[in-house]
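# Structural description and commentary
Listed below, chain by chain, are the residues.
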Amino acid sequence: MRLRGTRTSSNIEDRRRSGGGGRVIGGGLGIGGVLLVLAIGWFTGIDVTPILNGGSEPQSQQTTRELSAQEEQSGVFVSQVLASTEDVWGEVFPQQVGEAYQPPRLVMFSQVTSSPCGGASGATGPFYCPLDQKAYLDTDFFSTLSQQLGAEGDFAAAYVIAHEVAHHVQNQLGILDQVDSYRQGVSEAEGNAATVRLELQADCLAGVWASNVDALLEPGDIDEAVNAARMIGDDRLQRQAGQVPQPHTFTHGTSEQRSRWFTTGYETGEIGSCDTFNAKTL
């Protein structure tokens, strides 16, 4: 991704210099157990750090530390990608929706932080909180994405950021409230099915962003994003955790669905092409 010389975003809240600090994640769990617990967190947005730490609550240290060179680099990368989403949605949203776009803030943290939507940790994975209209990201997730999940490349990481920003786009469109209201009156399986459509729409909207950053793209970038979408499909994560995939528990969509909806958004560049809620098949 060609980011050299591009602007950084002013909508960054960097909490990485406080808290965190050298915990061993996973305790006595084997790699399969760790992946299973992480999958639960990624599927539900629940902070599973206490499970990974043998039942103890995460402790946020009140100390200040210096960021490593890699963390500094990751911070600049996140800020530049976020700026690109601001530029794209600042044009696309008024053109296609007829309203001004109000960008979200993005919180970078290390291991543990708090949000109005609950505790956040590296075990929850990146998420968007509509209560404060902020996206939350532990930049160490990029290493997890590449080394444990097999989604390599800077554009794979950029896709993750764009996906969380897409939830903010959904929030501005009123979709998050509608889905939340619907889920409160239906069964868990029906609620999960609605969440799948919500997440696939966010994948598609991330594709819309990708279609509008041509000047930043390098050969292979779109393939990296499509591969990342495949690597974090519900079915694949459950298999990686040693389980037989159970569709009624899916909350993000299969690998095939996630990659296909991202591609749909990329190929069309249109918000209207991302109507997963009226799609007969996903």
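Cut-offs applied
Residues numbered from 1 in each chain as written. Predicted model: local features only at pLDDT ≥ 70, side-chain atom pairs only at ≥ 80, totals over all residues. Heavy atoms only, no water. Helix = DSSP H or I, 4+ residues; strand = E, 2+ residues; numbered from the N terminus. Buried < 20%, exposed > 50% of the residue type's maximum accessible area, 1.4 Å probe, protein only. Contact = heavy atoms within 4.5 Å. Pairing = 2+ DSSP bridges. Axes fitted to C-alpha atoms, helices over the stretch in contact; angles between N-to-C directions. Disulfide = S-S within 2.5 Å. Left-handed = near helix turned anticlockwise from the far one by under 90°. Nonpolar A, V, L, I, M, F, W, Y, C, P; charged D, E, K, R; others polar. Expected span 1.5 Å × (residues − 1).

Scanning the chain from N- to C-terminus turns up 10 helices and six strands. The proportion of buried residues among the 282 residues of the chain is 53%. For the chain, the share of sequence-separated contacts (at least 6 apart) that also reach a separation of at least 24 residues comes to 75%.

As a further point, take the sheet that holds strand β6 (residues 134–138). A sheet is described by the order of its strands in space; here four strands give the open sequence β1-β2-β6-β5, paired in mixed fashion. The outermost strands of the open sheet, each flanked by one partner alone, are β1 (12–14) and β5 (127–129). Averaged over all pairs of adjacent strands, the angle between strand axes in this sheet comes to 25 degrees, irrespective of strand direction. As paired elements, β1 and strand β2 (residues 105–109) share three bridges and run parallel to each other. Residue D14 lies in a different strand from β2, and its bridge partner there is M108. The strands touched by helix α3 (residues 69–97) within the sheet are β1, β2 and β6, with β2 carrying the most contacts at an inclination of about 165 degrees.

This part is about the state of the cysteines. Throughout the structure, instances matching the rule amount to two disulfides. The residue that forms a disulfide with C117 is C129, at a sulfur-sulfur distance of 2.0 Å. Here C117 and C129 share a disulfide; its torsion about the S-S bond, 85 degrees, makes the bridge right-handed. With C117 in the loop between β3 (112–115) and β4 (118–121) and C129 in strand β5, this residue pair connects regions lying 12 residues apart in the sequence. The exposure class assigned to C117 is partly exposed, which follows from its relative accessible area of 41%.

Glancing now at the environment of D177. Checked against the element boundaries, D177 lands in helix α6 (residues 175–183). Taking the C-alpha atoms as reference points, D177 and P130, separated by 47 residues in sequence, lie 9.0 Å from one another.

What follows is about unusual backbone geometry. A positive phi angle, close to 70 degrees, is found at Q111, a residue other than glycine. Along the polypeptide, Q111 turns up in the loop between β2 and β3. For Q111, a relative accessible area of 18% puts it in the buried group. Of note in this structure, Q133 is not a glycine but carries a positive phi near 55 degrees.

Where helix α5 (residues 154–172) meets helix α7 (residues 188–211), the closest approach of the two axes is 8 Å, and the angle between their N-to-C directions is 115 degrees. Two packed elements cross with a definite hand, and for α5 against α7 that hand is right-handed. Of the residues in α7, those touching α5 at F155, A158, Y159, A162, H163, A166, H167, V169 and Q170 are L198, E199, Q201, A202, D203, L205, A206, W209 and A210. Looking at the contact of α5 with α7 residue by residue, the classes come out as 12 nonpolar, four polar and two charged.

On to helix α10 (residues 255–268). Since there are 3.6 residues in each turn of an α-helix, residues three or four apart along the chain are aligned in direction. With 14 residues, α10 extends 20 Å from end C-alpha to end C-alpha; this agrees with the ideal 20 Å at 1.5 Å per step. What α10 keeps buried is the set S255, Q257, R258, S259, W261, F262 and G265. On its buried face, α10 is in contact with α5, α7, α8 (221–231) and α9 (234–240). Positive backbone phi, at 65 degrees, marks G269, one or two positions downstream of α10.

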